[in-house]
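# Breakdown of the fold
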Amino acid sequence: MRYIAAIDQGTTSSRCIIFDHHGAVVSSSNREHRQIFPRPGWVEHDPEEIWANVKTVVRHALDEAGLTRADLAAVGITNQRETTVVWDRRTGRPVHNAIVWQDTRTDTMLPSFGHPDVFREKTGLPLATYFAGPKLRWLLDNVPGLRERAEAGEVLFGTIDTWLIWNLTGRHLTDVTNASRTLLMNLRSLAWDDEIIEAMGIPRAMLPEIRASVEVYGEATGDLAGVPVAAAFGDQQAALFGQTCFAVGDAKCTYGTGSFLLLNTGTRPVVSQHGLLTTVGYKISGQQAVYALEGAIAVTGSLIQWLRDNLGIIDSADEIEALAASVEDNGGCYLVPAFAGLFAPHWRTDARGVLAGLTGYITKAHIARAALEASAWQTREVVDAMNADSKVDLTGLRVDGGMTANGLLMQFLADVLDVPVVRPVVSETTSLGAAYGAGLAVGYWPDLATLKAQWQASAQWSPAMDPALRDRELAQWRKAVQRTLDWA
Ligand SMILES: Nc1ncnc2c1ncn2[C@@H]1O[C@H](COP(=O)(O)OP(=O)(O)O)[C@@H](O)[C@H]1O
Ligand SMILES: O=P(O)(O)OC[C@H](O)CO
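These numbers were taken from a predicted model, which means no experiment stands behind them.

## Remarks on the site of ligand 2
If you check the shell around ligand 2, you find Gly10, Thr11, Gln80, Arg81, Glu82, Trp101, Tyr130, Asp235 and Gln236 and nothing else. A distance of 2.7 Å separates an oxygen atom of ligand 2 from a polar atom in the side chain of Glu82. With respect to ligand 2, the side chain of Asp235 contributes an N or O atom lying 2.6 Å from an oxygen atom. Summarising the interface, the protein chains cover 85% of the accessible area of ligand 2, which totals 310 Å² for the free molecule. Taken together, the residues of the shell around ligand 2 sort by class into two nonpolar, four polar and three charged.

Printed below as a string of structure tokens:
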């Protein structure tokens, strides 16, 4: 029997998971890397540390399962999106730390690139610090001599997928889902957009070739010598694929540090009128791309970490459920975690967090409850935007990620969305998606229908809230959101 390995290079850690033919986890290994904060608002990673960690977790995952590279039919990659690396083509050494998706250093540069409507229409994205293009431009402007070297073809740009594929195979490629997060790719032609790269001042010679997500890019060298590198997806798109959201209207939300809801909109991109991102969901080689609408929420699981680390009202994330369940309701308090402004659907950088409705009655248990409810209400805002944009009402939501261990939150989510919420057996949906892509590319699995048949629910929550209560609570939440605006 042979296996598929998935490399999941995330914001806080790198992971390798090995899957068998049924899509079950055989072994896994995880390693964190340093978060580098040179100034307020700046976030960097060391690309060489990331690559070293990736090699380590691959070795450990193989060892734990008692396997060698010869047992692998293919390897797939999934990664934190938007994070930007530039390296020397000859030596392979990065010219600077990677600039991470959360980094806001490009804030003041954005207006000089042109009108935001042009970017939204061509790339599906708002002109924001979140995406890779502005980060690349910052490097070109701030690393001495970089622009000249880029124009001479001596240095290469990549998001993390590109950095890993380069190190694994020596090829300079990106997958189309990652490319769709650069602000540089035309959403319809799926090619770098000449007008945009000129407006942003990016030399074309440093850009990777854009490829499908499911395709053999080449054979790995080193520890994985001979193993085909056969898929790459941004992590949220990989979760969409791993949740087998292959039909128009299928949606998933991943609840980790932040939360990302993606809705499959089929082979036609839907440009949002309601603050969502239009992105490529996946592309299988030789087939049309499948697009998605995305609601990106910056703070969900990290709010629970904040209650633990900054307020000390819990000792570990999993304690929050019992604390929140010790009271009947939120006691009238609402917590809007606009710690760094609000992402979808508001995109307000001037917002800051609010704890509203405080009275002498409120205890830490009510605050814990309000913190959990905040994840659900933020999802509700994104779902309302999706329904308005896509004209297809969501009929159910597949969930994954660390927060889905919390049954109280999952029930509240079903209650406020008024649709069933379903969690699959394999909670590592992001890695599973990368494995599925790689397995499809090499014929390990024959087709999407086979993958779909492997998906199994482990838990489901059905809406049970009185509609009048839901409406009242939603109105209170919206009022609390208004209180966050125009603060910073
Ligand atoms: N039982 C729980 N209830 C609520 N939040 C939780 C629980 N367990 C973990 N979390 C939150 O989930 C997040 C970790 O999820 P994970 O999917 O591993 O995230 P990421 O991939 O973004 O690192 C943390 O932010 C943590 O606070
Ligand atoms: O690495 P994660 O799971 O925090 O995901 C980050 C997203 O890809 C950012 O867009």
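Back to the text.
## What about unusual backbone geometry?
A cis geometry characterises the amide bond from Ala344 onward to Pro345, with omega recorded as -5 degrees. The phi torsion at Glu82 lies on the positive side, around 70 degrees, for a residue other than glycine. Here Glu82 shows up in the loop between strand 5 (72-79) and strand 6 (84-88). Taking the relative accessible area as the measure of exposure, Glu82 reaches 1% and is therefore buried.

## Structural notes on the packing of helix 1 (residues 47-65) against helix 5 (residues 160-169)
Running from amino to carboxyl end, helix 1 crosses helix 5 at an angle of 60 degrees, the nearest separation of the two axes being 11 Å. By the angle between their directions, the pair helix 1 and helix 5 is classed as oblique. For the pair helix 1 and helix 5, the sense of crossing is right-handed. The segment helix 1 lies against helix 5, with Pro47, Glu48, Ile50, Trp51 and Val54 engaging Ile160, Trp163, Leu164, Asn167 and Leu168. Of the residues in the contact of helix 1 with helix 5, the class split is eight nonpolar, one polar and one charged.

## Regarding helix 5
A large share of helix 5 lies buried, amounting to nine of its ten residues. Taken residue by residue, helix 5 has Ile160, Asp161, Thr162, Trp163, Leu164, Ile165, Trp166, Leu168 and Thr169 as its buried positions. Once helix 5 ends, the next one or two residues include Gly170, with phi positive near 80 degrees.

## Description of the sheet that holds strand 1 (residues 3-9)
Strand order in this open sheet of six strands is 3-2-1-5-12-11, and the pairing throughout is mixed. Since the sheet does not close on itself, it has two edges, and those belong to strand 3 (25-32) and strand 11 (214-219), each with one partner. With strand direction ignored, the average angle separating the axes of adjacent strands in the sheet is 20 degrees. Bridge count for strand 2 (residues 13-19) against strand 3 is seven bridges, and the pairing is antiparallel. Within strand 3, the residue paired with Phe19 across the bridge is Val25. On the sheet, helix 8 (residues 235-242) packs against strand 5, strand 11 and strand 12 (228-234) and is oriented at approximately 105 degrees with respect to strand 12.

## So, the pattern of salt bridges
Per the counting criterion, the structure on display carries 29 salt bridges. Where Arg105 meets Glu44, a salt bridge forms, and the shortest distance between an N and an O atom there is 2.9 Å. Of this pair, Arg105 sits in the loop between strand 7 (98-99) and helix 2 (116-123) while Glu44 sits in strand 4 (residues 44-45); the two residues are 61 residues apart in sequence, bridging distant segments of the chain. What makes Arg105 buried here is its relative accessible area of 8%. Taking the relative accessible area as the measure of exposure, Glu44 reaches 6% and is therefore buried. If you follow the salt bridges from partner to partner, you end up with Arg81, Glu82, Arg181, Asp235 and Glu294 in one network.

## Here's the deal with the side chain of Thr300
Relative to the helices and strands, Thr300 resides in the loop between strand 16 (290-297) and helix 9 (301-311). With relative accessibility at 1%, the residue Thr300 sits in the buried group. With residues up to four places along the chain from it excluded, the contact list for Thr300 reads Gly256, Thr257, Gly258, Ser259, Ser375, Gln378 and Met403.

## What to know about the UniProt feature "binding site: ADP" (unreviewed entry) in the chain
This chain's UniProt record puts "binding site: ADP" (unreviewed entry) on Thr11, Arg15, Thr257, Gly301, Gly402 and Asn406. These annotated residues cover 396 residues of sequence, and their C-alpha atoms reach 22.7 Å apart at the extremes, leaving them scattered rather than at a single site. Turning to its location among the elements, Arg15 is positioned in strand 2. With a relative accessible area of 22%, Arg15 lands in the partly exposed category. Leave out the neighbours within four places in its chain, and Arg15 touches Ala6, Ile7, Asp8, Ser29, Asn30, Val57 and Glu428. Secondary-structure assignment places Gly301 in helix 9.

## Describing the pairing of strand 19 (residues 397-400)
Of the pairings in the sheet, the one linking strand 13 (residues 251-255) to strand 19 comprises three bridges and is parallel in character. Directly across from Lys252, in strand 19, lies its bridge partner Arg398. In this structure, strand 19 lies alongside strand 20 (residues 421-424), joined through two bridges in parallel fashion. Bridge assignment links Arg398 to a residue of strand 20, and that residue is Val422. For the handedness criterion, the β-α-β arrangement of strand 19, helix 12 (residues 407-417) and strand 20 is classed as right-handed.

## Some thoughts on the packing of aromatic side chains
Enumeration over the complete set of coordinates arrives at 16 aromatic pairs. The interplanar angle of 70 degrees and the centroid separation of 6.3 Å between the aromatic rings of Trp101 and Phe260 together place this pair among those described as edge-to-face. Of this pair, Trp101 sits in the loop between strand 7 and helix 2 while Phe260 sits in strand 14 (residues 259-266), and the two are 159 residues apart along the sequence. Accessibility assignment for this pair places Trp101 and Phe260 in one class, buried. Each ring, one from Phe246 and one from Tyr282, has its centre 6.0 Å from the other, and the planes form 80 degrees; the classification is edge-to-face. Of this pair, Phe246 sits in the loop between helix 8 and strand 13 while Tyr282 sits in strand 15 (residues 277-282), and the two are 36 residues apart along the sequence.

Reading guide: rules and limits
- Each chain has its residues counted from 1, running along the sequence as written.
- Chains and ligands are labelled by the order in which they are written, letters from A for the one and numbers from 1 for the other.
- Thresholds applied to this predicted model are a pLDDT of at least 70 for local features of residues and 80 or more for the giving and counting of side-chain atom pairs; totals over whole chains, interfaces and linings are not thresholded and use all residues.
- Note that water and hydrogens are dropped before the side-chain values are worked out from all heavy atoms of the structure.
- Proximity is defined per residue: any heavy atom of the residue falling within 4 Å of a molecule or strand makes that residue near it.
- Two N or O atoms count as a polar contact when they lie within 3.5 Å, although within protein this holds only if one can serve as hydrogen donor and the other as acceptor, and sequence-adjacent residues are included solely when both atoms are side-chain atoms.
- Accessibility throughout is a Shrake-Rupley quantity obtained with a 1.4 Å probe, and a residue counts as covered only by protein chains that appear here.
- Polarity classes work like this: nonpolar for Ala, Val, Leu, Ile, Met, Phe, Trp, Tyr, Cys and Pro, charged for Asp, Glu, Lys and Arg, and polar for all others, with Gly in that last group.
- Labels follow the DSSP assignment, with helices taken as runs of H or I lasting at least four residues and strands as runs of E lasting at least two, numbered in each case from the N terminus.
- The classification of residues rests on relative accessible area computed with a 1.4 Å probe and restricted to protein chains. Under 20% of the type maximum is buried, over 50% is exposed, and intermediate values are partly exposed.
- Note on geometry: axes are lines fitted to C-alpha atoms, helical ones only across the stretch in contact, with angles between N-to-C directions running from 0 to 180 degrees.
- With respect to orientation, any angle under 35 degrees is reported as roughly parallel, any angle over 145 as roughly antiparallel, any angle of 65 to 115 as roughly perpendicular, and every other angle as oblique.
- It is the rotation of the near helix from the far one that decides the hand of a crossing: anticlockwise by less than a right angle makes it left-handed, clockwise makes it right-handed.
- The contact criterion used is simple: two residues touch if any of their non-hydrogen atoms lie within 4.5 Å.
- DSSP bridges decide pairing: two strands pair if at least two such bridges lie between them.
- Whenever Lys or Arg places a side-chain nitrogen within 4 Å of a carboxyl oxygen from Asp or Glu, that contact is recorded as a salt bridge.
- UniProt positions are given in the numbering used here, feature names are shortened, and annotations may be inferred rather than shown by experiment.
- Handedness rule for crossovers: strands pointing away from the viewer, path from the first strand over the helix to the second running clockwise, crossover right-handed.
- Under the pairing criterion, centres of Phe, Tyr and Trp rings, with the six-membered ring standing for Trp, must be within 6.5 Å; the plane angle then separates stacked pairs below 30 degrees from edge-to-face pairs above 60, leaving the rest tilted.

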